[in-house]
Amino acid sequence: MTADSNSHIAWQRAQVRKNRAALKELEIARFGGAPIPTFNRHTEKAISELKCKIMEAERCIADYERRTKRPLATDRGSLASVSWSHWDANVGGAPPQRHRA
């Protein structure tokens, strides 16, 4: 993963990682055979709060990426304007030379 130039987005990514780890621990304990009395409304509320925090941070990150990333131009209009008869997988422009042995 590349470093973010925007410190707010970097912080959001760190929060997503931290909250996912905390959520994973709570859910493993919940479904891992822990005694039922240890889980109450407080724990369920903590799980739902973590999920909300994760969704909010992911929404913020997606918003940032939508604003800053270059479109991939794979829509039908841009692909239709490409001359596919001249397309070649060799980027160098010239056809590859065959060496005689």
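Quick look at the structure, then. These figures come from a predicted structure and were not determined experimentally.

## Quick notes on the pattern of salt bridges
Alright, step 1. In this structure the tally under the stated criterion is 4 salt bridges.
Alright, step 2. Glu65 serves as the salt-bridge partner of Arg13, at 2.8 Å between the closest nitrogen and oxygen. Taken together, the residues span a long stretch of sequence, with Arg13 in helix 1 (residues 7-31) and Glu65 in helix 2 (residues 41-68) at a distance of 52 residues.
Alright, step 3. The residue Asp63 makes a salt bridge to Arg66 at a minimum N-O spacing of 2.9 Å. Of this pair, Asp63 and Arg66 both sit in helix 2, 3 residues apart, which is roughly one turn of that helix.
Alright, step 4. Look at Asp63 and you get partly exposed, because its relative accessible area is 37%.

Procedures and definitions
- Residues numbered from 1 in each chain as written.
- Predicted model: local features only at pLDDT ≥ 70, side-chain atom pairs only at ≥ 80, totals over all residues.
- Heavy atoms only, no water.
- Salt bridge = Lys/Arg side-chain N within 4 Å of Asp/Glu carboxyl O.
- Helix = DSSP H or I, 4+ residues; strand = E, 2+ residues; numbered from the N terminus.
- Buried < 20%, exposed > 50% of the residue type's maximum accessible area, 1.4 Å probe, protein only.

That is the geometry; function is a separate question.
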